[in-house]
Amino acid sequence: MLVNGAIVAGKGAGAVKARSTEEIEQIRVILRSRFDELNAEYEEAAAQNHRLRLVEIGDAAGDDQADSGSKTAERDAATSLLRTLLERRTQAEHAMQRLEDGTYGNCEGCSHPIPVERLEVFPSATTCVNCKAVRERRAS
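Residues numbered from 1 in each chain as written. Predicted model: local features only at pLDDT ≥ 70, side-chain atom pairs only at ≥ 80, totals over all residues. Heavy atoms only, no water.

**Focus: the pattern of salt bridges**
So, step 1. Scanning the entire structure with this criterion turns up 8 salt bridges.
So, step 2. Two residues, E25 and R28, come together in a salt bridge whose shortest N-O distance is 2.8 Å. Placement of both E25 and R28 in helix α1 (residues 21-58) is noted, with a separation of 3 residues, approximately one turn of the helix.
So, step 3. You can call R28 partly exposed: its relative accessible area is 25%.
So, step 4. Here R89 ties to E43 by a salt bridge, and the two come within 4.0 Å at their closest N and O atoms. Separated by 46 residues along the polypeptide, R89 in helix α2 (residues 65-101) and E43 in helix α1 bring together distant segments of the chain.
So, step 5. Among the ionic contacts, a cluster of salt bridges with common partners joins E25, R28 and E100. (Salt bridge = Lys/Arg side-chain N within 4 Å of Asp/Glu carboxyl O. Helix = DSSP H or I, 4+ residues; strand = E, 2+ residues; numbered from the N terminus. Buried < 20%, exposed > 50% of the residue type's maximum accessible area, 1.4 Å probe, protein only.)

Given below as C-alpha cells:
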C-alpha cells in the first residue's frame, strides 16, 4: 500500500522505500475518481433538492400539520445529504492537495504514517487512529 512518500508493508512499521512516480499517479487516479463520483452524487442531490423545493412552492395550499411536517422532514433529509456529500467531496479534494504537497499518508496530528488499513478503507484520512480517537474524546 502507498503511504506518504513510501510503501509500507505489514502493519505500517515495516520496510519503507520512496514512492515511485507510477505509485503517485495511481493514488492520484484513485483520489480523482473518488472526487468525481462524489461530485456527481452532490450535483444529482442538489438537482433533486431543487426539484423538491419547486414542488413545495407550488403544492403548499391546503396542507395540514402532517403534510407540513412531512415536507419539513424531507427538506431536512435532503439538506443533510447535501452537507454530507459536500464534506466528503471536500475531504477528497484535500487528500489530492496533500498528495501534491507530499504530505498524503501522514497524520496531521502527530506526523506519523497513517496505517495502511485505514487508508485502504478511507483514502481521505488525515489522522491516524490514535489522533482520531483523541479528537473524538475531546469533542464529546
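**Here's the deal with the side chain of S124**
So, step 1. By the element assignment, S124 lies in the loop between α3 (116-121) and α4 (129-139).
So, step 2. Excluding its chain neighbours within four sequence positions, the residues that come into contact with S124 are Q91, A92 and A95. (Contact = heavy atoms within 4.5 Å.)

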